[in-house]
Each structure stands twice: as structure tokens, then as C-alpha cells.
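Observations on the model geometry
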Amino acid sequence: MTTITPFDWQRMLLGAESPWYLIEIAFRTVWMFLWLLLLARLLGKRALNDLTPFDYILVIALGSAVGDPMMAPNVPIVHGMMVMTVIVFLEIVLARWTRTSKAVEKVVDSTPTLLVKNGQILDPEMGIEAISNRELLMLLRLEGVRNVGKVERAYLEPSGQLSLFLYDNGDEVEGLSTLPEDHNIPTRANGKPDTPSA
């Protein structure tokens, strides 16, 4: 068993390798960066959009495949390039497959979830997506919505963004205020408290 000397600055800063290995790390980094840049061009503009669950996995896998060959002396550059190439190839194949198969598209990219219908928050769907009322109200506020009653439909997209379809003026219904200070106080769609008439 190797004994580790505490605060061994040579080990902490440079490791067991020669200081000249820093030059190799720089070379590895440039090489892997250029290869990743080439593969990113093959992925096209779709990869630059908001991330779907599959895209999120793609980013994690590519990050791991790029990082190891950049620094680890026992990981050959070609091995990292092969991993990256296979990952990108799988993404391209699945992207084409999703265009021809609805079943594959549903598994890979998932589908939008209806969270608000006719000014009412749909609790079962909220539970499926593990999103709380507080989070939904925050998303609505970010879109400038003061009252849930103004929302005809609200969909949670696979990218995590909220798509809104609002009522025309005058068509809105009574709903919950999205303003923090009015939380849990029923209000009309115009934002005024809903007080019972005398």
C-alpha cells in the first residue's frame, strides 16, 4: 500500500507525472476540442436547441468521453474519439428513427404534458411530472401571467419550457392568482380578489 505524504505539493499540483506532461495535456485538449467541434457540426442546429431528456444524456456522455482523454495519461486519444463518434452516431440514428416512428419518438423525446386546462391546474398531471403548484405559478409569472384563469392551455414541453395559450380578453375564467402576495387567495382573472357579493 502506497503511503501518501500530506501536503506534498508536487503530488497535489502536478501528480506523479513530469511537469512536461502539462504540454501533452494541452495537446490532448486541443485535439479533443477540435474533434468535438467537428462532431457538433454533424449534429446540426437541433443540438443547439433546448435540451430534451435524450439530449441531456448526450451532453453528459460526451462530457465524460472528452474529459478523460484530455487529462488521463492511461486513456489513449483514439479511444476517446471512438467513444465520442459512437455517441454522436447513435444520436443521428435515433434522430432519423424518431422522424419515422411515433413510438420511438415518444420514448426518446417524450410528449408535452397538459398542466392547465380552462384556467384549472390539473393535479394528476402535475404529480406525474413532479412539479409543484409553486413551481408552476413561478413559470406562469415568468411569462407575465398574473392569474391562472387567463390560461386556456399550458403544456410542459419535453425541453422543460412552458407553452401557453391564453384566453382572449373577456373570455378568461376565475382562477388562482400567480402573485406571491396573493398566493392561495382566489381572484378574478383581472387580478382583483374574489370577494362574495352582499
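Being a predicted model, the structure only gives us computed values, none of them experimental. (Residues numbered from 1 in each chain as written. Predicted model: local features only at pLDDT ≥ 70, side-chain atom pairs only at ≥ 80, totals over all residues. Heavy atoms only, no water.)

1. Quick look at the overall build of the protein
Which entries qualify depends on this criterion: By definition, any uninterrupted DSSP run of H or I lasting at least four residues is a helix, any uninterrupted run of E lasting at least two residues is a strand, and each is numbered from the N terminus. Buried, partly exposed and exposed residues are distinguished by accessible area as a fraction of the type maximum, computed with a 1.4 Å probe on protein chains only: under 20%, between the cut-offs, and over 50%, respectively. Residues count as neighbours in contact if any of their non-hydrogen atoms are within 4.5 Å of one another.
Along the backbone of the protein there are seven helices and six strands. Helices and strands in the protein line up, N terminus first, as α-α-α-α-α-β-β-α-α-β-β-β-β. When the 198 residues of the protein are sorted by exposure, 29% land in the buried category. Look at the contacts in the protein between residues 6 or more apart in sequence, and 56% of them connect residues 24 or more apart.

2. Notes on the packing of aromatic side chains
Within a pair of aromatic rings, the relevant descriptors are the distance that separates the centres and the angle that separates the planes. Worth spelling out the cut-off: Any pair of Phe, Tyr and Trp rings, taking the six-membered ring for Trp, is counted once the centres come within 6.5 Å. Such a pair is stacked with planes under 30 degrees apart, edge-to-face with planes over 60 apart, and tilted for the rest.
Overall, the coordinates contain two aromatic pairs when judged by the stated rule. Between phenylalanine 27 and tryptophan 31, the ring centres sit 5.8 Å apart and the planes meet at 45°, which makes this aromatic pair tilted. Highlighted residues: phenylalanine 27 and tryptophan 31, both in helix α2 (residues 21-43), separated by four residues, approximately one helical turn. Geometrically, the ring pair formed by tyrosine 155 and phenylalanine 165 is edge-to-face, given 6.2 Å between the ring centres and 90° between the ring planes. Within this pair, whereas tyrosine 155 is found in strand β3 (residues 151-156), its partner phenylalanine 165 is found in strand β4 (residues 162-166), the two being separated by 10 residues in sequence. For tyrosine 155, a relative accessible area of 25% translates into the label partly exposed. On the basis of relative accessibility, which here comes to 47%, the residue phenylalanine 165 falls in the partly exposed class.

3. Re the nonpolar core
The condition that has to hold: Side-chain atoms within 4.5 Å link the members of a nonpolar core, which is a set of buried Ala, Val, Leu, Ile, Met, Phe, Trp, Tyr and Cys residues.
Membership of the largest hydrophobic core comes to 15 residues, with the highest contact counts inside it found for Leu115, Val116, Leu136, Leu140 and Leu162. Listing elements by their share of this core, those giving two or more residues are β1 (113-117), α7 (133-142) and β3. It is α7 that provides the largest number of residues to this core, a total of four residues. In contact with leucine 136, not counting residues within four places along its chain, are Leu115, Val116, Ile121, Met126, Ile131 and Leu162. One finds Leu39, Leu58, Met70 and Val88 within the second-largest nonpolar core, a separate group that totals 12 residues.

4. A look at the sheet that holds strand β2 (residues 120-121)
The test is simple: At least two DSSP bridges between two strands are required for those strands to pair. Here an axis means a line fitted to C-alpha atoms, over the contact stretch when the element is a helix, while the angle between two N-to-C directions is reported on a 0 to 180 degree scale.
Pairing is antiparallel in the open sheet, where four strands are placed in the order β2-β1-β3-β4. The sheet terminates laterally at β2 and β4, the two strands that pair on one side only. The sheet contacts of α7 involve β1, β2, β3 and β4, and relative to β4 the element is tilted by about 65°.

5. Let's talk about helix α4 (residues 77-100)
Under the convention used in this document: Helices are assigned an expected span. That span is 1.5 Å times one less than the residue count.
Over its 24 residues, α4 extends 35 Å from the first C-alpha to the last, a length consistent with the 34 Å expected when each residue adds 1.5 Å. Three or more residues of α4 are buried, namely Ile77, Gly80, Met81, Met84, Ile87, Val88, Glu91, Ala95 and Thr98.

6. Some points on the side chain of threonine 178
The line we're drawing: Any N or O atom pair separated by 3.5 Å or less is treated as a polar contact, with the protein-specific requirement of one donor-capable and one acceptor-capable atom, and with residues adjacent in sequence counted only for side-chain atom pairs.
Following the sequence through the fold, threonine 178 ends up in the loop between β5 (175-176) and β6 (186-187). Within polar-contact distance, the side chain of threonine 178 engages the backbone oxygen of valine 145 at 2.6 Å.

7. Things to note about a nonpolar patch on the surface
Convention followed: Patch definition: residues above 30% relative accessible area lacking any salt bridge, with like charges linked at up to 9 Å and the nonpolar side chains Val, Leu, Ile, Met, Phe, Trp and Tyr linked at up to 5 Å. For the area figures, the Shrake-Rupley method with a 1.4 Å probe applies, and any residue is considered shielded solely by the protein chains shown. Each reported salt bridge corresponds to a side-chain nitrogen of Lys or Arg within 4 Å of a carboxyl oxygen of Asp or Glu.
Residues Phe7, Trp9, Met12, Leu13, Leu14 and Leu22 make up a contiguous nonpolar surface patch of roughly 680 Å² in combined accessible area. Per-element tally for the nonpolar patch: the top contributor is helix α1 (residues 9-14), with four residues. The exposed category is assigned to tryptophan 9, whose relative accessible area is 53%.

8. Looking at the confidence of the model for the protein
Going by this rule: Each residue gets a pLDDT score, which is the predictor's confidence in that residue and runs from 0 to 100.
For the protein, per-residue confidence averages 80 on the pLDDT scale, and 84% of positions sit at 70 or higher. Put simply, β6 is where the protein has its lowest mean pLDDT, 53, and β3 is where it has its highest, 93.

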